[in-house]
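Chain and residue survey
Letter by letter, the chains look like this.
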Amino acid sequence: MTELESLKIEVSQLLQDMEYHHMVDSEEQFDTWWRAEGREQKYFALRERLDRMEAMQNIPESSWFFNKS
């Protein structure tokens, strides 16, 4: 499994957990679980990393400014 695939799974799992807790927890419990325990910050950090990795995959090698060899 590649790092990109692992990140996609981790982001997806975190979103699923967030949706579940949003449905079953009180607003206060959810806020503690999502924000105070750092999951919101973790999600956005993972999402940014994933977005950057996906963007790098879409850049053609011919446009790289350095020689890969």
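In the block above lies the structure referred to throughout.
In this text the structure is predicted, and so the values were computed from the model without any measurement.

Side note on the pattern of salt bridges
Per the stated rule, a full pass over the model turns up nine salt bridges. In this structure, Arg 47 and Asp 51 form a salt bridge, with 2.6 Å as the shortest nitrogen-oxygen distance. Separated by four residues within a single helix, Arg 47 and Asp 51 lie in helix H3 (residues 39-57), roughly one turn from each other. Judged by relative accessible area, Arg 47 falls into the partly exposed class, the value being 26%. Here the salt bridges do not stand alone but share partners, grouping Lys 8, Arg 47, Asp 51 and Glu 54 into one network.

Some points on the packing of helix H1 (residues 3-24) against H3
The description of two packed helices rests on the angle between their axes and on the distance between the axes. Axis separation between H1 and H3 bottoms out at 10 Å; the angle between their running directions is 145°. Between H1 and H3 the crossing geometry is left-handed. Packed against H1, whose contacting residues are Glu 3, Leu 4, Leu 7, Lys 8, Glu 10, Val 11, Leu 14 and Leu 15, the element H3 presents Arg 39, Lys 42, Tyr 43, Leu 46, Arg 47, Arg 49, Leu 50, Met 53, Glu 54 and Gln 57 at the interface. Of the residues in the contact of H1 with H3, the class split is nine nonpolar, one polar and eight charged.

Overview of the nonpolar core
With 11 residues, the main nonpolar core is built from Leu 4, Leu 7, Val 11, Leu 14, Met 18, Phe 30, Trp 33, Trp 34, Tyr 43, Leu 46 and Leu 50. Of all the elements in the fold, those that place two or more residues in this core are H1, helix H2 (27-36) and H3. Examining the composition of this core, we find that five residues originate from one element, H1, more than from any other. Not counting residues up to four positions away in its chain, the partners in contact with Phe 30 are Met 18, His 21, His 22, Asp 25 and Arg 35.

Rules of the game
- Residues numbered from 1 in each chain as written.
- Predicted model: local features only at pLDDT ≥ 70, side-chain atom pairs only at ≥ 80, totals over all residues.
- Heavy atoms only, no water.
- Salt bridge = Lys/Arg side-chain N within 4 Å of Asp/Glu carboxyl O.
- Helix = DSSP H or I, 4+ residues; strand = E, 2+ residues; numbered from the N terminus.
- Buried < 20%, exposed > 50% of the residue type's maximum accessible area, 1.4 Å probe, protein only.
- Axes fitted to C-alpha atoms, helices over the stretch in contact; angles between N-to-C directions.
- Left-handed = near helix turned anticlockwise from the far one by under 90°.
- Contact = heavy atoms within 4.5 Å.
- Nonpolar A, V, L, I, M, F, W, Y, C, P; charged D, E, K, R; others polar.
- Core = buried A, V, L, I, M, F, W, Y, C linked by side-chain atoms within 4.5 Å.

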